[in-house]
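Each chain, letter by letter, is given below.
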Number of protein chains: 2
Amino acid sequence: MADDCIFCRIGRGEIDTPLLFQDDRVFVVRDIRPKAPKHLLIIPKEHLTSLADMDLGKEAILGHLLIVAREMAKQEGVTRSGYRLVINQGPDSGQELAHLHLHLLAGRRLGAMG
Amino acid sequence: MADDCIFCRIGRGEIDTPLLFQDDRVFVVRDIRPKAPKHLLIIPKEHLTSLADMDLGKEAILGHLLIVAREMAKQEGVTRSGYRLVINQGPDSGQELAHLHLHLLAGRRLGAMG
């Protein structure tokens, strides 16, 4: 946990943001600046800053992020129409917050990947 | 394994494509139509068609895809400059091949996620 990290604060319930889902390891919110009609963020509760800083024992939580994303796609009704999952890492990617998160984009025909 | 799946055929060594990495579960190739200066595909050897079709026991292989991507980013020298990881699922995403794969895009300032 990091005191001043927005995602950690949401995870601790300090910021009044609707959670679309949570379990012991992750929570899901809508992006406040959506880039598509449906734009969800799947976020580990643990303050993992980046993939680069993670040890190899973290495969399970990473896989869990993707499985939860898959379940959220079902819940949002976009499994058939399709969706894109994105992890941004570092300056060239446009990563905005130093707490690992997975984007789920859906609800329209998506353009180029970057 | 699927007989006529390009990725399965590469995984079996039936198509002469340089592998940047492989282990017992995944292999890595360069995208033949790169969308960025560096565009790698991290591909499970098992013919997993989509996230939707996978059972929940597959978290480990999904996490492994991300860990291998992280290692490839190091190998390509883009950990500091940054990179984007993308999984496309279904029509709206532009997914082109029905064998799950993870894109790694890097080497320039990336644009919108979709």
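These notes cover the structure that comes with them. Keep in mind it's a predicted model, so treat the numbers as computed, not measured.

Attention shifts here to the environment of Asp 92 of chain A. By the secondary structure assignment, Asp 92 of chain A is in the loop between β4 (83-89) and β5 (102-106). Excluding anything up to four places from it in sequence, Asp 92 of chain A contacts Ser 81, Gly 82, Gly 107, Arg 108, Arg 109 and Leu 110 of chain B.

Residues and elements named next belong to chain B. Taking burial as the measure, the seven residues of strand β3 (residues 38-44) include six buried ones, the bulk of the element. Taken together, the five bridges between strand β2 (residues 26-30) and β3 define a ladder with antiparallel strand orientation. Paired with Val 26 across the strands is Pro 44, a residue of β3. Of the strand pairs in this sheet, β3 and strand β5 (residues 102-106) are connected by five bridges, and their pairing is antiparallel. Of the residues in β5, the one forming a bridge with Ile 42 is Leu 102.

Superposition of chain B onto chain A requires a rotation of 180° combined with a translation of 0.0 Å along the rotation axis, giving an RMSD of 0.0 Å. Viewed as a symmetry operation, the transformation between the two copies matches a two-fold axis. Across chain B, the rotation axis passes nearest the C-alpha of Gly 63 of chain B, at a separation of 1.9 Å.

Thresholds, definitions, all that
- Residues numbered from 1 in each chain as written.
- Chains lettered and ligands numbered in written order.
- Predicted model: local features only at pLDDT ≥ 70, side-chain atom pairs only at ≥ 80, totals over all residues.
- Heavy atoms only, no water.
- Helix = DSSP H or I, 4+ residues; strand = E, 2+ residues; numbered from the N terminus.
- Contact = heavy atoms within 4.5 Å.
- Buried < 20%, exposed > 50% of the residue type's maximum accessible area, 1.4 Å probe, protein only.
- Pairing = 2+ DSSP bridges.
- Least-squares fit on C-alpha atoms with pLDDT ≥ 70 in both.

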